[in-house]
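Now for the letters of each chain:
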There are 2 protein chains.
Amino acid sequence: MGRTPPHPEASQFDLQRILEALVDPVRRSIITQLDASDEDIKCGAFDIQVSKSTATHHFKVLREAGLIRQHYVGTSRMNTLRRAEVDEVFPGLLDALTTHRAKER
Amino acid sequence: MGRTPPHPEASQFDLQRILEALVDPVRRSIITQLDASDEDIKCGAFDIQVSKSTATHHFKVLREAGLIRQHYVGTSRMNTLRRAEVDEVFPGLLDALTTHRAKER
DNA sequence: ATCGAAGTTTGACAGCGATCGTACTTATGC
DNA sequence: GCATAAGTACGATCGCTGTCAAACTTCGAT
């Protein structure tokens, strides 16, 4: 294992894929938590109520859609929001979801 | 039949509902076609490759999410995009989907 | 009054995806 | 080396949703 998993380039971002990733509340919560943090967050440190195997699945979906970047630090996998790249391809999309009004709804 | 179906008010818009509506390609196509048109479009006039009953289902999902408004004109049901209202509650969301770059992806 | 056009409703079906437990892998620390 | 911690991989379920056909409703036109 251990190696860096595959990430799509920004030029390959697909709207359908990204929306499918964002429609799940757990995944959207992950995005929101990343957006609110100044630092990378390791998989186990998120506030989500699902099992580890389910969490792995969600991170994979987010990564393959291009929304997050993952790299290993020891046995932990760190997650970064690919804000700038997503914003460039789909301007306004993440803002619409991370706005206060959006989070309350 | 004939009467105007129920529509949620803008104050009741729910992000989860709206994303679930927008994640389907057929429904997103309906939104895109409405956005590109200056006038209301009747259900039968959309360029979508699904049966009538499936189309009815999609319009219902869009309407109940608050994305479109529907009213009868004769036997036809006219559809309007609730642009301003959606923009006010979730600014940038529809723009992100109706942009040229988004449509090409 | 009849017919056709436009949608709706209902029921059925198929496929996908979120979920979990279990077993496995990899790295760190003692 | 061994135990533990952090994730991953693999099946198996199970519910949801997109799809359609068929029967029905409503309105408009003839």
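Thresholds, definitions, all that
- Residues numbered from 1 in each chain as written.
- Chains lettered and ligands numbered in written order.
- Predicted model: local features only at pLDDT ≥ 70, side-chain atom pairs only at ≥ 80, totals over all residues.
- Heavy atoms only, no water.
- Contact = heavy atoms within 4.5 Å.
- Buried area = accessible area lost by both parts, 1.4 Å probe.
- Polar contact = N/O pair within 3.5 Å; in protein donor to acceptor, adjacent residues only side chain to side chain.
- Helix = DSSP H or I, 4+ residues; strand = E, 2+ residues; numbered from the N terminus.
- Near = heavy atom within 4 Å.
- Nonpolar A, V, L, I, M, F, W, Y, C, P; charged D, E, K, R; others polar.
- Pairing = 2+ DSSP bridges.
- Axes fitted to C-alpha atoms, helices over the stretch in contact; angles between N-to-C directions.
- Least-squares fit on C-alpha atoms with pLDDT ≥ 70 in both.
- Parallel < 35°, antiparallel > 145°, perpendicular 65-115°, else oblique.
- Left-handed = near helix turned anticlockwise from the far one by under 90°.
- Buried < 20%, exposed > 50% of the residue type's maximum accessible area, 1.4 Å probe, protein only.

With an unreviewed UniProt entry as reference, chain A is termed Transcriptional regulator, source organism Streptosporangium minutum.

### Quick word on the interface of chain A and chain B
The interface of chain A with chain B comprises 23 residues on the first partner and 23 residues on the second. Where chain A abuts chain B, roughly 1900 Å² becomes buried across the two surfaces, and 60% of that area is made up of carbon and sulfur atoms. Between chain A and chain B we count four residue pairs in polar contact (both at pLDDT 80 or more) in total. Elements that contribute at least two residues to the side of chain A that touches chain B include exactly helix 1 (15-22), helix 2 (25-36), helix 4 (83-89), helix 5 (93-98) and helix 6 (100-104) of chain A. For the side of chain A that touches chain B, the leading source of residues is helix 1 of chain A, giving five residues.

### Here's the deal with the protein's contact with DNA strand D
In the vicinity of DNA strand D, 22 residues are found, and the nearest of them are Lys52(A), Thr56(A), Arg77(A), Ser51(B) and His58(B). When the atoms of DNA strand D within 4 Å of the protein are grouped by moiety, sugar and phosphate amount to 66% of the total. Separating a phosphate oxygen of DNA strand D from a side-chain N or O atom of His57(B) is a distance of 3.0 Å. When residues of the surface near DNA strand D are traced back to their parent elements, those giving at least two are helix 3 (52-65) and strand 3 (76-81) of chain A together with helix 3 (52-65) of chain B. Considering each element in turn, the surface near DNA strand D owes the most residues, four residues, to helix 3 of chain B. Its residues placed into classes, the surface near DNA strand D shows five nonpolar, 12 polar and five charged.

### Topic: the sheet that holds strand 1 (residues 41-42) of chain B
All names here are of chain B. Within the open sheet, the three strands sit side by side as 1-3-2. Their pairing is antiparallel. Both edges of this open sheet fall to strand 1 and strand 2 (68-73), since each of them pairs with a single strand only. Summarising the sheet, strand 2 and strand 3 (residues 76-81) pair through six bridges and their orientation is antiparallel. Directly across from Tyr 72, in strand 3, lies its bridge partner Arg 77. The strands touched by helix 2 (residues 25-36) within the sheet are strand 1, strand 2 and strand 3, with strand 3 carrying the most contacts at an inclination of about 80 degrees.

### Some remarks on the relation of the copies chain A and chain B
Placing chain A over chain B gives an RMSD of 0.0 Å and needs a rotation angle of 180 degrees, together with 0.0 Å of translation along the axis. Viewed as a symmetry operation, the transformation between the two copies matches a two-fold axis. Relative to the rotation axis, the closest C-alpha in chain A is found at Gly92(A), a distance of 2.3 Å.

### With respect to the packing of helix 2 of chain A against helix 3 of chain A
Residues and elements named next belong to chain A. Helix 3 packs onto helix 2 with a crossing angle of 70 degrees between their chain directions and a minimal axis gap of 10 Å. Of the possible angle classes, the one that applies to helix 2 and helix 3 is roughly perpendicular. Crossing handedness for the pair helix 2 and helix 3: right-handed. Along its contact with helix 2, which presents Val 26, Arg 27, Ile 30 and Ile 31, the element helix 3 presents His 57, His 58, Phe 59, Val 61 and Leu 62.

### Remarks on the pairing of strand 3 of chain A
Residue and element names in this part refer to chain A. A large share of strand 3 lies buried, amounting to five of its six residues. Pairing between strand 1 (residues 41-42) and strand 3: two bridges, direction antiparallel. Residue Ile 41 lies in a different strand from strand 3, and its bridge partner there is Asn 79. Counted along the chain from strand 2 (residues 68-73) to the antiparallel partner strand 3, the turn is two residues long, and its residue Gly 74 has a positive phi close to 65 degrees.

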